[in-house]
Amino acid sequence: MKLIIDSDSLLYKFSFANQKSVTWGNGTKSIIVDPPKKAIAELDSFIQDMKDGFETEDYTLYLTAGKNFRYTIDPLYKDNRKSLEKPALFNVLKEHLINNHPTIITERIEADDLCCIHMKQLKDDAILCHIDKDLNQAVGRHYNYNTGDEYYITEEQAKDFYYYQVLRGDPVDGIKGCPKIGEMKAKKIIDEIKEKELDYWTRIVEEYNKRGATELDAIKTAQLVYMLQQEDYELEINNFNPIFGQSGV
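Overview of the structure.

Definitions and limits used
Residues numbered from 1 in each chain as written. Predicted model: local features only at pLDDT ≥ 70, side-chain atom pairs only at ≥ 80, totals over all residues. Heavy atoms only, no water. Phe/Tyr/Trp six-rings, centres within 6.5 Å; stacked < 30°, edge-to-face > 60°. Helix = DSSP H or I, 4+ residues; strand = E, 2+ residues; numbered from the N terminus. Buried < 20%, exposed > 50% of the residue type's maximum accessible area, 1.4 Å probe, protein only. Lys NZ or Arg CZ within 6 Å of the ring centre and 35° of its normal. Arc of directions from axis to C-beta. Contact = heavy atoms within 4.5 Å. Axes fitted to C-alpha atoms, helices over the stretch in contact; angles between N-to-C directions. Parallel < 35°, antiparallel > 145°, perpendicular 65-115°, else oblique. Left-handed = near helix turned anticlockwise from the far one by under 90°. Core = buried A, V, L, I, M, F, W, Y, C linked by side-chain atoms within 4.5 Å.

**Examining the packing of aromatic side chains**
Move 1: This structure, assessed with the given rule, holds 10 aromatic pairs.
Move 2: Measuring from centroid to centroid gives 4.9 Å for Tyr-12 and Phe-90, while their planes differ by 55°, and the two rings are tilted. Of the two residues, Tyr-12 is situated in helix 1 (residues 8-16) and Phe-90 in helix 4 (residues 90-100); the sequence distance between them amounts to 78 residues.
Move 3: Accessibility expressed as a relative area gives 33% for Tyr-12, which makes it partly exposed.
Move 4: By the ring-pair criterion, three or more aromatic residues cluster together here, those being Tyr-162, Tyr-163, Tyr-200 and Tyr-226.
Move 5: Just above the ring of Phe-14 sits the side chain of Lys-13; from NZ or CZ to the centre is 5.8 Å.

**Focus: helix 4**
Move 1: Within helix 4, the full set of buried residues consists of Phe-90, Leu-93, Lys-94, His-96 and Leu-97. Angular distribution of buried residues about the axis of helix 4 spans 160°; they occupy a single face of the element. Facing away from the buried side of helix 4 by more than 90 degrees, the exposed set consists of Asn-91, Glu-95 and Asn-99.
Move 2: Looking at the buried positions of helix 4, the neighbouring elements they touch are helix 1, helix 2 (36-53), strand 4 (59-68) and strand 5 (103-108).

**Considering the packing of helix 2 against helix 4**
Move 1: Where helix 2 contacts helix 4, the two axes come as close as 10 Å, and the packing angle between them is 50°. Here helix 2 is positioned oblique relative to helix 4, judged by the angle of their axes. Like other packed secondary-structure pairs, helix 2 and helix 4 cross with a definite hand, here right-handed. Of helix 4, the residues touching helix 2 (which contributes Pro-36, Ala-39, Ile-40, Leu-43, Asp-44 and Ile-47) are Val-92, Leu-93, His-96 and Leu-97.

**Some remarks on the nonpolar core**
Move 1: Within the largest apolar cluster, 42 residues are counted, with the highest numbers of intra-cluster contacts made by Tyr-163, Val-166, Leu-167 and Trp-201.
Move 2: Among the secondary structure elements, those contributing two or more residues to this core are helix 5 (111-122), strand 6 (126-130), helix 6 (155-168), helix 7 (183-196), helix 8 (200-210) and helix 9 (215-225).
Move 3: Not counting the four nearest positions on each side in its chain, Val-166 is found in contact with Gly-177, Cys-178, Trp-201, Ile-204, Tyr-208, Ala-218, Thr-221, Ala-222 and Val-225.
Move 4: If you look at the next biggest cluster of nonpolar residues, it comprises 23 residues, including Phe-46, Ile-127, Cys-129 and Tyr-145.

Rendered as structure tokens:
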């Protein structure tokens, strides 16, 4: 069994766990950081526990490097995170993973995208280990390494979740969805589409239009929330259209 481990979150998890902010009497703040060896030992132990839990030594860590193609679709992608500073040990832990574990560093795409691509290739011979809801677009076995939950995503569930995100957007990544559509409303529309056997895209565009937005707005959201598949990766990823499954808009 192969463990596909989305590891960007692990860097934040163990970096933040080993630092604390102190506010002094004059209002100034300092960051107190634990020794790097402590964070490294905890990170290594966490990865080992996952391997032991699934009784496998076959694993790969996936990390993102630099900006990806989504910034060419929307320069404001993840703009809401600009003010968030990386924790002090982030780069130390990243370098440790690269030098001491089987690691893939993605360029032009995010680690999430390559996780999905490899999940499709390996099918049920892999388990996707992550905490990112976006990866619920990947068909197959999943493991949430924060909660310990194991679950399986079917093709239908992956499709439903993708179109749910087209409606809802992704506030965490600063992606706007259909105006005034929240979590419950988006789920209700997806349920309606399935119950009445409607065309997903037609119904979603109808909702965008009803709320003062356009199909182009829907396409932009669809491109931003879409996790790449192998067939998309083989295209020029700066100019692909996931809705229509071909290069160019």
